[in-house]
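Listed here are the chains, written in short residue letters.
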Amino acid sequence: MRTDKMLVYIYTLGLVALGACQSKEQEKKTEEKKAIRTFHLTSVEQKGIAQEIHLPAEFKPFQEVSMYAKVSGFVEKVLVDRGSAVRRNQVLLTIEAPETEEQLVAARSKLMQAEAVFVGSKDNYQRMVNSNQLAGSVAALDLKLAYSRMISDSAAVVGERANLRSLEKIKSYLIVRAPFDGVITQRNVHPGTLVGPGEGADGAMLVLQQQTKLRLVVDVPETYSAQIRPGDLVMYYVNALPGRAFKGKVARTSGSLNQRFRSETVEIDVDNIGQQFKPGMFAEITLTAQGTPGAFMVPSSAIVTSTGGKYIIRVEDQKAHILHIQEGNKAGSQIEVFGNLAPNDRILVNPGEDIKDGDQINI
């Protein structure tokens, strides 16, 4: 029994010794491998990478307005239809509202009455002033009352004039005019239709679009939004016009991100005199991201990806220093990185996960 225990003990010691020898042998092989490996270095350059991005876009009218009635009434005439080209201030439709005309007549009558009363009170006050040239002929109280009556009648005239102007403005709403040159794209009313503020289940009476100039609208992802600026050249391809390429420039950016999609809206103005494009058409747009400010450009082979993240290895005094980085734009074999770097830092082009921080790097 004692002999068996001794044998087990000796066998265990042998395994431990064998494992230690194998571990030392493995470490020796790793060191030898490091020693014979050829390392290549490159200098870090502080420079952004321009990158082409392809995004879907949509044509929208440069101006669009849905036209509703401002006063209640019945449609009298509709002078345009879907597809009609109209000019600014052109009459589109008229609305009939007899009660408005009656209110206007009544307002004119009240104004004339107020003006007549004011003329009478003014003349009365002026006669009293003239009579007062003879001391004691007019009581001071009567003179004050006459003056007050004249001022009151004057204020009544001003109020009636304002009321008349208001009704004249309301009457002008019965004639609907085009606010700009464009094309009628929707007509939802016919003669006899009851319209008014909030009236009409079909929505707007008319929809007018400016189509001689369009907006090409694209949503740029947050990653590239800081690299797009007004004036940047763009190329776009229209799905409905295959085989043709068009050029444009970024006209404006929204300056803020859509909180839902994390993107910024960018617009390109498109002249459409010949109306070859139509609002609602889709296009594919090619934008050039100019590169991220403050980025460093390194070969993509210099980046090591591990469970702890992505890093590169800087070599200083033949010692390895691990620097964790974040990636940016990529073009070919070059990539933008961000981290604790400086221009002209020397980094390994062909590192591996076996290289640890502080390891000797023999060049």
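Residues numbered from 1 in each chain as written. Predicted model: local features only at pLDDT ≥ 70, side-chain atom pairs only at ≥ 80, totals over all residues. Heavy atoms only, no water.

Asks: Can you tell me about the overall build of the chain, naming the residues and giving the values?
Replies: Counting its secondary structure elements, the chain contains four helices and 21 strands. Here the chain holds 363 residues, and the buried ones make up 33% of them. (Helix = DSSP H or I, 4+ residues; strand = E, 2+ residues; numbered from the N terminus. Buried < 20%, exposed > 50% of the residue type's maximum accessible area, 1.4 Å probe, protein only.)

Asks: Would you mind going over the pattern of salt bridges in detail, with residue names and values included?
Replies: Should the charged atoms of two oppositely charged side chains come close, the side chains can pair. Scanning all chains against the criterion turns up ten salt bridges. For R262, the salt bridge is made with E222, and the minimal N-O distance between the two is 3.4 Å. Placement of R262 in the loop between β12 (246–258) and β13 (263–271) and of E222 in helix α4 (residues 222–225) is noted, with a sequence separation of 40 residues between them. Judged by relative accessible area, R262 falls into the partly exposed class, the value being 34%. Here K310 and E327 are joined by a salt bridge, their closest N and O atoms 3.2 Å apart. Within this pair, whereas K310 is found in strand β17 (residues 309–316), its partner E327 is found in strand β19 (residues 326–331), the two being separated by 17 residues in sequence. Assessed through its relative accessible area of 33%, K310 is described here as partly exposed. In this structure E327 comes out as partly exposed when scored by relative accessible area, which is 36%. Three or more residues are tied together by salt bridges with common partners; here these are R215, R252, E267 and D269. (Salt bridge = Lys/Arg side-chain N within 4 Å of Asp/Glu carboxyl O.)

Asks: Please give an account of unusual backbone geometry that cites residues and values.
Replies: Located in the positive-phi region is D317, a residue other than glycine, with phi close to 55°. Mapped onto the elements of the fold, D317 is located in the loop between β17 and β18 (319–324). In this structure D317 comes out as exposed when scored by relative accessible area, which is 70%. The backbone phi angle of N344 is positive, close to 75°, even though this residue is not glycine. Here N344 is to be found in the loop between β20 (334–338) and β21 (346–348). The exposure class assigned to N344 is exposed, which follows from its relative accessible area of 59%.

Asks: How would you summarise the packing of aromatic side chains if you had to cite specific residues and measurements?
Replies: Remark: the centre distance and the inter-plane angle together describe each pair of aromatic rings, the angle taken between the planes. Summed over all chains, the structure comprises six aromatic pairs. Ring geometry for F59 and F277: centres 4.8 Å apart, planes at 10°, overall stacked. Within this pair, whereas F59 is found in strand β3 (residues 51–67), its partner F277 is found in the loop between β13 and β14 (282–289), the two being separated by 218 residues in sequence. Accessibility assignment for this pair places F59 and F277 in one class, buried. A connected cluster of aromatic rings, assembled from ring pairs, spans F59, Y236, F246 and F277. Taking NZ or CZ as reference, K213 lies 4.5 Å from the ring centre of F62, over its face. In this arrangement the basic side chain of R215 is found over the ring face of F62, its NZ or CZ atom lying 4.2 Å from the centre. (Phe/Tyr/Trp six-rings, centres within 6.5 Å; stacked < 30°, edge-to-face > 60°. Lys NZ or Arg CZ within 6 Å of the ring centre and 35° of its normal.)

These results come straight from atomic positions and should not be treated as a statement about function.
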